[in-house]
Every structure is written in structure tokens, then in C-alpha cells.
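# Examining the three-dimensional arrangement
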Amino acid sequence: EPEVTQTPSHQVTQMGQEVILRCVPISNHLYFYWYRQILGQKVEFLVSFYNNEISEKSEIFDDQFSVERPDGSNFTLKIRSTKLEDSAMYFCASSGTGNVLADTQYFGPGTRLTVL
Amino acid sequence: SQQGEEDPQALSIQEGENATMNCSYKTSINNLQWYRQNSGRGLVHLILIRSNEREKHSGRLRVTLDTSKKSSSLLITASRAADTASYFCATVGSSGYSTLTFGKGTMLLVSP
């Protein structure tokens, strides 16, 4: 069964460093998402992406964050200058071969980001 | 913003018993979805119920939706130790965006 994959599974970085989290969505999906979950808290929406542009973003997704689909398969989240509070599990999701509102979002296994 | 809020926060039962988790939200929705998360792992989609549906079944799972009360319930029948996980409801609003808004989750522990 097709699945969303994410690399790396765990990333440790120093405060102020740039990180790129990578995702390979399910191949025929059209909508892509990033969510994050700070330890012990809710899963929070960051950004959605469709047709090579951001379709929605949350307040969390400030200028430090960017997303890109550099080729036909990868979907990346870049954090330009990491802060301690960026430590979280980051989930990629994809959906959408039809009605995006009614489609299931399939999540990847997550990347645990630790900022020291 | 709409929020799914589950209760109870934690539930501990014996294998073979049924587990019921509830979810409430605040604004109108297009659909409501339930996800499972094993400790420290990814989110696994369980079931999606649309706003015009009242009940849905999938294997040992039964989901109900009451849009007048803005609430949903997830019933797991004949629970197994492998069902031990956190369960989250997540809503997609009717505003035209497909963003999922998650609740805090119910941690279910099923003892053998």
C-alpha cells in the first residue's frame, strides 16, 4: 500500500542553524501538508500546498519557515534559523485525488526535531 | 477556530471490553476524522465521517456524529492490547480549506 515517507527520522541541530525536513508524498496525490506536534501537545497545522504554491498557512508558519516541491516527488520544509521552541515532531501528509475537503490525509511517520 | 476536544483524556480497560471516546468541536464542519497514534509514532487514519452522515462502521470501529451537538464518538469493540494508543479526532471545516484541526487526544490503555 502506498505510504508517505519522511527523512530523517530524527534530526538534532543547534539553535540558529537551518534544517530541511524531507517528505515523499503518495505519488498520485495533489495536496501536501506539514503539521507539527510539540511533546505532549496537540497536532498543529503549519501549511498546505497545492499546485506549487501555499494554499493556507497558520500563524506558526512565519518567515522562518518555507516549503518547496523541488521535483516531482519530494516536498520539503525548511526552517531557516531554528529556535528551541521549534523542537517537535514534524509530520508530512498528503491527500487529494478528488474532493480535497472530503479526502483522507495520509500522514508520514514524522521527523523528530531536537534543537539544542 | 474550531477545535476537536476529546474526553476522557485517559481510559484504561481490560482486553475484550469496549472503549468509547468522545470528541466535541465548535464550528461547522465538512467532515470529522479519527486517527490513532502509537507512542512517539506517526498518525494512522482510522475513519472519516462526513457532516451528512450519522454513523459509520469499519471493522471493530463505530463512529457517530451529531452535528446538532457538535460531537462525535468513537467506539472500539472487543478491545485488544494492540489497541493501546492515543486517539485523536480532527475536523475539516466547511470554510473551503482542507486543514485538519486536532483535539488533544484520548490515551487508551488496554490491559491483557
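Residues numbered from 1 in each chain as written. Chains lettered and ligands numbered in written order. Predicted model: local features only at pLDDT ≥ 70, side-chain atom pairs only at ≥ 80, totals over all residues. Heavy atoms only, no water.

Before going further, it helps to examine the pattern of salt bridges. Residues and elements named next belong to chain B. Counting across every chain of the model gives four salt bridges over all chains. Salt-bridge contacts for E53 lead to K56; the nearest nitrogen and oxygen are separated by 3.9 Å. For E53, a relative accessible area of 23% gives the class partly exposed. Across the pair D83 and R60 runs a salt bridge, and its minimum N-O distance is 2.9 Å. With D83 in the loop between β8 (71-76) and β9 (85-93) and R60 in the loop between β6 (55-58) and β7 (61-66), the pair connects residues that are 23 residues apart, well separated along the chain. (Salt bridge = Lys/Arg side-chain N within 4 Å of Asp/Glu carboxyl O. Buried < 20%, exposed > 50% of the residue type's maximum accessible area, 1.4 Å probe, protein only. Helix = DSSP H or I, 4+ residues; strand = E, 2+ residues; numbered from the N terminus.)

This model, assessed by the stated rule, comprises 14 aromatic pairs over all chains. Between F107(A) and Y35(B), the ring centres sit 5.2 Å apart and the planes meet at 80°, which makes this aromatic pair edge-to-face. Remark: Y35(B) occurs in strand β4 (residues 29-37) and F107(A) occurs in strand β10 (residues 106-107); the pair is interchain, linking two chains. Y35(B) matches F107(A) in its accessibility class, with the two residues each being buried. With a centroid separation of 6.0 Å and 85° between ring planes, the pair formed by F107(A) and F102(B) is classed as edge-to-face. Taken together, the residues F107(A) in strand β10 and F102(B) in strand β10 (residues 100-102) connect one chain to another. Side by side, F107(A) and F102(B) carry an identical accessibility label, which is buried. (Phe/Tyr/Trp six-rings, centres within 6.5 Å; stacked < 30°, edge-to-face > 60°.)

It is worth spelling out the state of the cysteines at this point. All names here are of chain B. For the coordinates displayed, the defined rule picks out two disulfides over all chains. Between C23 and C89 runs a disulfide, and the two sulfur atoms are separated by 2.0 Å. Judged by the sign of its S-S torsion, about 65°, the cystine formed by C23 and C89 is right-handed. Placement of the pair is C23 in strand β3 (residues 19-24) and C89 in strand β9, with a sequence separation of 66 residues. (Disulfide = S-S within 2.5 Å.)

Our next topic: the interface of chain B and chain A. In this assembly, 25 residues from chain B lie in contact with 20 residues from chain A. Summing both partners gives a buried area of about 1,800 Å² for chain B against chain A, and 55% of it is carried by carbon and sulfur. If you look at where chain B meets chain A, you find zero salt bridges. Secondary-structure elements contributing two or more residues to the side of chain B that touches chain A are β4, β5 (43-50), β9 and β10 of chain B. In the side of chain B that touches chain A, the residues fall into eight nonpolar, 13 polar and four charged. (Contact = heavy atoms within 4.5 Å. Buried area = accessible area lost by both parts, 1.4 Å probe. Nonpolar A, V, L, I, M, F, W, Y, C, P; charged D, E, K, R; others polar.)

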